[in-house]
Amino acid sequence: MPTEQMTIYVPPRVRMAIKQIANAKEQSMNTIVVAALELAIAEWTEQNSV
């Protein structure tokens, strides 16, 4: 899958949550953000395909 550089600004509370999840899973914050976006997009697509 090709990747593209993006800058996403998030509130400090969200950033802290992402950091905690990343530490718990021993993954990078970027990996967690991408996984969360993939899940959100899949759910959004499912909801809007009716």
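Above this text is the structure in question.
Colleague: What is the right way to read the overall build of the protein from this model?
Modeller: Counting secondary structure elements, the protein contains two helices and zero strands. With the principal axes as the frame, the protein shows a C-alpha extent of 35 × 25 × 20 Å. Of the roughly 5,000 Å² of accessible surface on the protein, a fraction of 59% belongs to carbon and sulfur atoms. Across the protein, the 4 positively charged side chains and the 5 negatively charged ones have centroids separated by 15 Å.

Colleague: Could you clarify how one ought to interpret a nonpolar patch on the surface in this entry?
Modeller: A surface patch of nonpolar side chains, about 530 Å² in accessible area, is lined by Met-6, Ile-8, Val-10, Val-14, Leu-37 and Ile-41. As for its placement among the helices and strands, Leu-37 is situated in helix α2 (residues 29-47). Looking at Leu-37, the relative accessible area reads 42%, which means it is partly exposed.

Colleague: Looking at this structure, I do not really get unusual backbone geometry. What am I missing?
Modeller: Working note: non-glycine residues mostly have negative phi, and peptide bonds are mostly trans. Phi is positive for Glu-26, close to 55°, though the residue is something other than glycine. Mapped onto the elements, Glu-26 comes out in the loop between α1 (12-25) and α2. We classify Glu-26 as exposed; its relative accessible area is 74%.

Colleague: Sorry, what's going on with the environment of Tyr-9 here?
Modeller: Mapping Tyr-9 onto the fold places it in the segment before α1. Along the chain, Tyr-9 and Ala-42 lie 33 residues apart, while their C-alpha atoms are 22 Å from each other.

Quick notes on the rules
Every chain is numbered on its own, with residues counted from 1 as its sequence reads. Residues qualify for local features only when their pLDDT is at least 70, as the model is predicted, and side-chain atom pairs are given and counted only at 80 or more; totals for whole chains, interfaces and linings, by contrast, use all residues. Calculation of side-chain values draws on the structure's entire complement of heavy atoms; hydrogens and water are dropped beforehand. In this text, helices come from DSSP runs of H or I with a minimum length of four residues, and strands from runs of E with a minimum of two, each type numbered from the N-terminal end. Only the protein chains shown count as cover for residues, with accessible areas throughout obtained via the Shrake-Rupley method and a probe of 1.4 Å. The charge count includes Lys and Arg as positive and Asp and Glu as negative, but it does not include His or the ends of the chains. Lys charges are placed at NZ, Arg charges at CZ, Asp charges at CG and Glu charges at CD. To count toward a patch, a residue needs a relative accessible area above 30% and no salt bridge. Like charges then connect within 9 Å, nonpolar side chains (Val, Leu, Ile, Met, Phe, Trp, Tyr) within 5 Å. Salt bridge, as used here: a side-chain nitrogen of Lys or Arg that lies within 4 Å of a carboxyl oxygen of Asp or Glu. Working definition: with a 1.4 Å probe on protein chains only, accessible area under 20% of the residue-type maximum means buried, over 50% means exposed, and in between means partly exposed.

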